[in-house]
Amino acid sequence: MKHKLNIDLEEEIFEQLKVLCKGDENAMKAYIIQALKNQVDQDKSSNVTEEKESLENYLNQGQTGSRNYGVKGQGW
(Lines give C-alpha, C1' and ligand atoms only; values in the text may rest on other atoms or scores of the structure.)
Protein backbone atom coordinates (compact mmCIF):
# COMPACT_ATOMS: atom_id res chain seq x y z
CA MET A 1 0.00 0.00 0.00
CA LYS A 2 1.38 3.38 -0.99
CA HIS A 3 0.84 6.57 0.95
CA LYS A 4 1.27 10.06 -0.37
CA LEU A 5 3.41 12.56 1.52
CA ASN A 6 3.97 16.15 0.46
CA ILE A 7 7.14 17.82 1.71
CA ASP A 8 8.55 21.29 1.29
CA LEU A 9 12.20 21.39 0.25
CA GLU A 10 14.54 24.29 0.68
CA GLU A 11 15.29 25.93 -2.66
CA GLU A 12 18.98 24.97 -2.52
CA ILE A 13 18.22 21.28 -1.87
CA PHE A 14 15.59 21.23 -4.61
CA GLU A 15 17.99 22.75 -7.14
CA GLN A 16 20.75 20.28 -6.21
CA LEU A 17 18.32 17.39 -6.58
CA LYS A 18 17.08 18.76 -9.90
CA VAL A 19 20.65 18.99 -11.25
CA LEU A 20 21.51 15.54 -9.91
CA CYS A 21 18.48 13.99 -11.62
CA LYS A 22 18.77 16.15 -14.76
CA GLY A 23 15.34 17.67 -14.18
CA ASP A 24 13.53 14.31 -14.39
CA GLU A 25 10.75 14.47 -11.80
CA ASN A 26 10.34 10.68 -11.65
CA ALA A 27 14.06 10.27 -11.04
CA MET A 28 13.85 12.90 -8.29
CA LYS A 29 11.01 10.98 -6.60
CA ALA A 30 12.91 7.69 -6.88
CA TYR A 31 16.04 9.30 -5.44
CA ILE A 32 14.13 10.71 -2.45
CA ILE A 33 12.43 7.36 -1.79
CA GLN A 34 15.75 5.50 -1.92
CA ALA A 35 17.40 8.06 0.38
CA LEU A 36 14.59 7.69 2.91
CA LYS A 37 14.77 3.88 2.76
CA ASN A 38 18.51 3.97 3.36
CA GLN A 39 18.14 6.33 6.32
CA VAL A 40 15.34 4.30 7.92
CA ASP A 41 17.35 1.07 7.52
CA GLN A 42 20.40 2.76 9.03
CA ASP A 43 18.35 4.03 11.98
CA LYS A 44 16.87 0.56 12.55
CA SER A 45 20.28 -1.12 12.56
CA SER A 46 21.71 1.47 14.97
CA ASN A 47 18.81 0.80 17.39
CA VAL A 48 19.60 -2.92 17.34
CA THR A 49 23.26 -2.15 18.07
CA GLU A 50 22.29 0.11 20.98
CA GLU A 51 20.03 -2.59 22.46
CA LYS A 52 22.82 -5.16 22.16
CA GLU A 53 25.33 -2.81 23.79
CA SER A 54 22.96 -2.00 26.66
CA LEU A 55 22.45 -5.73 27.32
CA GLU A 56 26.20 -6.31 27.26
CA ASN A 57 26.68 -3.39 29.66
CA TYR A 58 24.06 -4.84 32.01
CA LEU A 59 25.74 -8.24 32.00
CA ASN A 60 29.17 -6.71 32.55
CA GLN A 61 28.00 -4.62 35.52
CA GLY A 62 27.45 -7.60 37.81
CA GLN A 63 30.34 -9.44 39.37
CA THR A 64 30.99 -13.08 38.68
CA GLY A 65 29.67 -15.24 41.48
CA SER A 66 27.15 -12.71 42.73
CA ARG A 67 23.43 -13.28 42.45
CA ASN A 68 23.13 -10.03 40.50
CA TYR A 69 25.26 -11.26 37.60
CA GLY A 70 23.51 -11.86 34.31
CA VAL A 71 19.95 -12.97 33.78
CA LYS A 72 18.04 -14.22 36.78
CA GLY A 73 18.28 -17.94 37.20
CA GLN A 74 21.44 -18.44 35.20
CA GLY A 75 24.24 -20.31 36.86
CA TRP A 76 22.39 -21.39 39.99
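Residues take numbers from 1 onward in each chain, read along the sequence in its written order. In keeping with the model being predicted, local features are shown solely for residues with a pLDDT of at least 70 and side-chain atom pairs are shown and tallied solely at 80 or more, while totals for entire chains, interfaces and linings include all residues. In computing side-chain properties, one takes all heavy atoms of the structure into account and sets aside hydrogens as well as water.

K.L.:
Got a minute to help me understand the overall build of the chain in this structure?
P.N.:
Secondary structure elements follow DSSP: runs of H or I of four or more residues count as helices, runs of E of two or more count as strands, with numbering from the N terminus. The helix and strand tally for the chain stands at two helices and zero strands. The buried label applies to any residue whose accessible area, calculated with a 1.4 Å probe on protein chains only, is under 20% of its type's maximum; exposed applies above 50%, and partly exposed to all values in between. In the chain, buried positions account for 7% of the 76 residues. Looking at the chain as shown, the accessible area adds up to about 7500 Å², and 52% of this sits on carbon and sulfur atoms. In these tables, accessible area is a Shrake-Rupley quantity obtained with a 1.4 Å probe, and a residue counts as shielded only by the protein chains included in the view.

K.L.:
Sorry if this is basic, but what is going on with a nonpolar patch on the surface here?
P.N.:
Exposure above 30% relative accessible area and the absence of a salt bridge qualify a residue for a patch, where like charges join within 9 Å and nonpolar side chains (Val, Leu, Ile, Met, Phe, Trp, Tyr) within 5 Å. In what follows, salt bridge is the name for a side-chain nitrogen of Lys or Arg lying within 4 Å of a carboxyl oxygen of Asp or Glu. Together, Leu5, Ile7, Leu9, Ile13 and Phe14 give the surface a local cluster of nonpolar side chains, amounting to about 460 Å² of exposed area. Among the structural elements, Ile13 can be located in helix H1 (residues 11-20).

K.L.:
Would you mind showing me how to read the pattern of salt bridges here?
P.N.:
Tallied over the full model, the rule gives one salt bridge. The salt bridge partner of Glu25 is Lys29, with a shortest N-O separation of 3.7 Å. Taken as a pair, Glu25 and Lys29 lie in helix H2 (residues 25-61) at a separation of four residues, close to a single helical turn. Overall, Lys29 belongs to the partly exposed group, its relative accessible area being 46%.

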